[in-house]
Amino acid sequence: MTISGMQKLTLLDYPGKVACTIFTAGCDLRCPFCHNASLALPGRERDVLDTEELFAFLRKRRGVLDGVAVTGGEPLLHPGMPELLLRIKELGYAVKLDTNGTFPARLREVVEKGLVDRVAMDIKAPPEKYAAVTGVPGLDLAPIRESAAYLMICGMDYEFRTTAVRGLHEPRDFASIGEWIKGAREYYIQAFRDSGDLIDGAGLSAFTEGEMKIFADIVRPWVPAVRLRGI
């Protein structure tokens, strides 16, 4: 597993916690709006953080930081992720895991072993547009559906989230998403931001705050706890 960076302090990546964020390299999706293209794509030049350097930092920051957010790329792409999470938990940190949901068995493992305290799962698009929006022709949606269904019944603290991107999404998509995740505990519609490190940002832009509020209203009949993020 390659750890490609760390943000030493965040008040945003782990709701309610003072945390740091660690980034793993590699992803099995190719979402054009991905803001971490250098992490997601193979062959890109990227930083590498030594694992022992990471844990030296975490030991030093005990009592200052409450949690660790683990993101990517796609963290569950790596078979060694449970061992990494266990070492973090053994230091007393709460752990939040970001995932795209394509590895349901690995997600179930880390939840049922108590290695994570919160999961944030991306809902990239309505089912009928998933392959197009994720840049993977013929994508099998079954593992993603399995992950979403599991989070909704497992008792884990979780959220679903969609980055709304003009050029990829439209209002009716949010009705379809709402039907899919009906009854979800938390759902966030996130504002798109051009990080300058996108996979393919051609023709993509952000929706206005007013448009995003309309999307939230569309979802609320199915998911009352829908909020906007990043506006």
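Cut-offs used in this document
- Residues numbered from 1 in each chain as written.
- Predicted model: local features only at pLDDT ≥ 70, side-chain atom pairs only at ≥ 80, totals over all residues.
- Heavy atoms only, no water.
- Buried < 20%, exposed > 50% of the residue type's maximum accessible area, 1.4 Å probe, protein only.
- Helix = DSSP H or I, 4+ residues; strand = E, 2+ residues; numbered from the N terminus.
- Pairing = 2+ DSSP bridges.
- Patch = residues over 30% accessible without salt bridge, like charges linked within 9 Å, V, L, I, M, F, W, Y side chains within 5 Å.
- Areas by Shrake-Rupley, 256 points an atom, 1.4 Å probe, with all protein chains shown as cover.
- Salt bridge = Lys/Arg side-chain N within 4 Å of Asp/Glu carboxyl O.
- Contact = heavy atoms within 4.5 Å.
- Axes fitted to C-alpha atoms, helices over the stretch in contact; angles between N-to-C directions.
- Left-handed = near helix turned anticlockwise from the far one by under 90°.
- Nonpolar A, V, L, I, M, F, W, Y, C, P; charged D, E, K, R; others polar.
- Polar contact = N/O pair within 3.5 Å; in protein donor to acceptor, adjacent residues only side chain to side chain.

Observations regarding the pairing of strand S2 (residues 19-24)
Next up, step 1: Among the six residues that make up S2, six are buried, leaving the element largely enclosed by the rest of the structure.
Next up, step 2: Burial along S2 is two-sided: the residues Ala19, Thr21 and Phe23 and Cys20, Ile22 and Thr24 are all buried.
Next up, step 3: Where strand S1 (residues 3-10) lies against S2, five bridges are found, and the strand directions are antiparallel. From the neighbouring strand, threonine 10 faces S2, where its bridge partner is alanine 19.

A look at a nonpolar patch on the surface
Next up, step 1: There is a patch of nonpolar side chains on the surface, built from Leu9, Leu11 and Leu12 and spanning about 360 Å² of accessible area.
Next up, step 2: If you trace the backbone, leucine 11 turns up in the loop between S1 and S2.

A short note on the pattern of salt bridges
Any two side chains of opposite charge can pair, on the condition that their charged atoms come close.
Next up, step 1: Throughout the structure, instances matching the rule amount to 18 salt bridges.
Next up, step 2: Note that arginine 172 is salt-bridged to glutamate 170, the shortest N-O span being 3.3 Å.
Next up, step 3: Among the residues examined, arginine 172 registers a relative accessible area of 63% and is labelled exposed.
Next up, step 4: A salt bridge links arginine 220 to aspartate 217; its shortest N-O distance comes to 2.6 Å.

Digging into helix H7 (residues 171-180)
Next up, step 1: The set of residues buried in H7 consists of Asp173, Phe174, Ser176, Ile177, Gly178 and Trp180.
Next up, step 2: Buried residues in H7 make contact with helix H5 (130-134), helix H6 (142-153), strand S6 (157-164), strand S7 (187-191) and helix H8 (209-219).

Re the packing of H7 against H8
Next up, step 1: Contact geometry of H7 with H8 gives a least axis separation of 8 Å together with a crossing angle of 35°. Crossing hand, H7 versus H8: right-handed. Of H8, the residues touching H7 (which contributes Pro171, Phe174, Ala175 and Gly178) are Phe215, Ile218 and Val219.
Next up, step 2: In terms of residue class, the contact of H7 with H8 is built from six nonpolar, one polar and no charged.

Some remarks on the environment of threonine 163
Next up, step 1: Position of threonine 163 among the secondary structure elements: in strand S6.
Next up, step 2: With a relative accessible area of 18%, threonine 163 lands in the buried category.
Next up, step 3: For the pair formed by threonine 163 and aspartate 122, sequence separation is 41 residues and the distance between their alpha carbons is 8.2 Å.
Next up, step 4: If we skip the residues at most four places from it in the chain, threonine 163 touches Phe33, His169, Gln190, Ala191 and Phe192.
Next up, step 5: A polar contact of 3.1 Å, which involves the side chain of threonine 163, links it to the side chain of glutamine 190.

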